Structure formats: C-alpha cells, structure tokens
Amino acid sequence: MASVSLGSLAREKADIVERAVRRISRQENLILDTKQADNATALLIYLVESGVQDVDELVEFASLAKGKRYDPMDGSFT
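Definitions and cut-offs
- Residues numbered from 1 in each chain as written.
- Predicted model: local features only at pLDDT ≥ 70, side-chain atom pairs only at ≥ 80, totals over all residues.
- Heavy atoms only, no water.
- Helix = DSSP H or I, 4+ residues; strand = E, 2+ residues; numbered from the N terminus.
- Salt bridge = Lys/Arg side-chain N within 4 Å of Asp/Glu carboxyl O.
- Buried < 20%, exposed > 50% of the residue type's maximum accessible area, 1.4 Å probe, protein only.

### Re unusual backbone geometry
Note: most peptide bonds trans; most residues except glycine with negative phi.
Line of reasoning, step 1. For Lys 66, which is not glycine, the phi torsion reads 50 degrees and is therefore positive.
Line of reasoning, step 2. Here Lys 66 lies in the loop between α3 (55-65) and β1 (70-71).

### What about the pattern of salt bridges?
Line of reasoning, step 1. Taken as a whole and assessed by the stated rule, the structure comprises four salt bridges.
Line of reasoning, step 2. Among the ionic pairs, Lys 13 bridges to Glu 49, the shortest N-O distance being 3.6 Å. One end of the pair, Lys 13, is in helix α1 (residues 6-26); the other, Glu 49, is in helix α2 (residues 34-49), with 36 residues separating them in the sequence.
Line of reasoning, step 3. The buried category is assigned to Lys 13, whose relative accessible area is 19%.
Line of reasoning, step 4. For Glu 49, a relative accessible area of 52% translates into the label exposed.

Written out as structure tokens, the structure is:
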C-alpha cells in the first residue's frame, strides 16, 4: 500500500483548486468581482475538501453559484 504524505495531498488539492480558478477566470460569460472571486475560491476549496476532484465539476458548481457566498451550515447561497 502506497503512503501519501499530507503535504503532497494538500498540494494536490491546491493544484485542483488553482486549475478550476484559472478556468473560471478565462470564461468570458462569468465575470467576477473580487468578492465574488473570493466566494468562488472558498466554494471550490470546500468542494475539494468534501471530495470533489473533477475540475470540470468544480467549474460547473462554481459557475452555477455565480460568485455567491456558500454557507455549508445551511446549504444556502447569499
């Protein structure tokens, strides 16, 4: 059984988030201000920490949220 260090796992998750953020920032139909971009990044981090690893899915979820802040306590977007 291969052992994965916590550091490499954290780097892998950070890489997934970074790729999703880059792809979102390139989308012409999704212009986010700084606050919306921060909200989208926080959502991406939450999703990756929750087990979503597919960049296409992450971009889709963040696009659907349209930069709104996600509250994981009640599942709402504001």
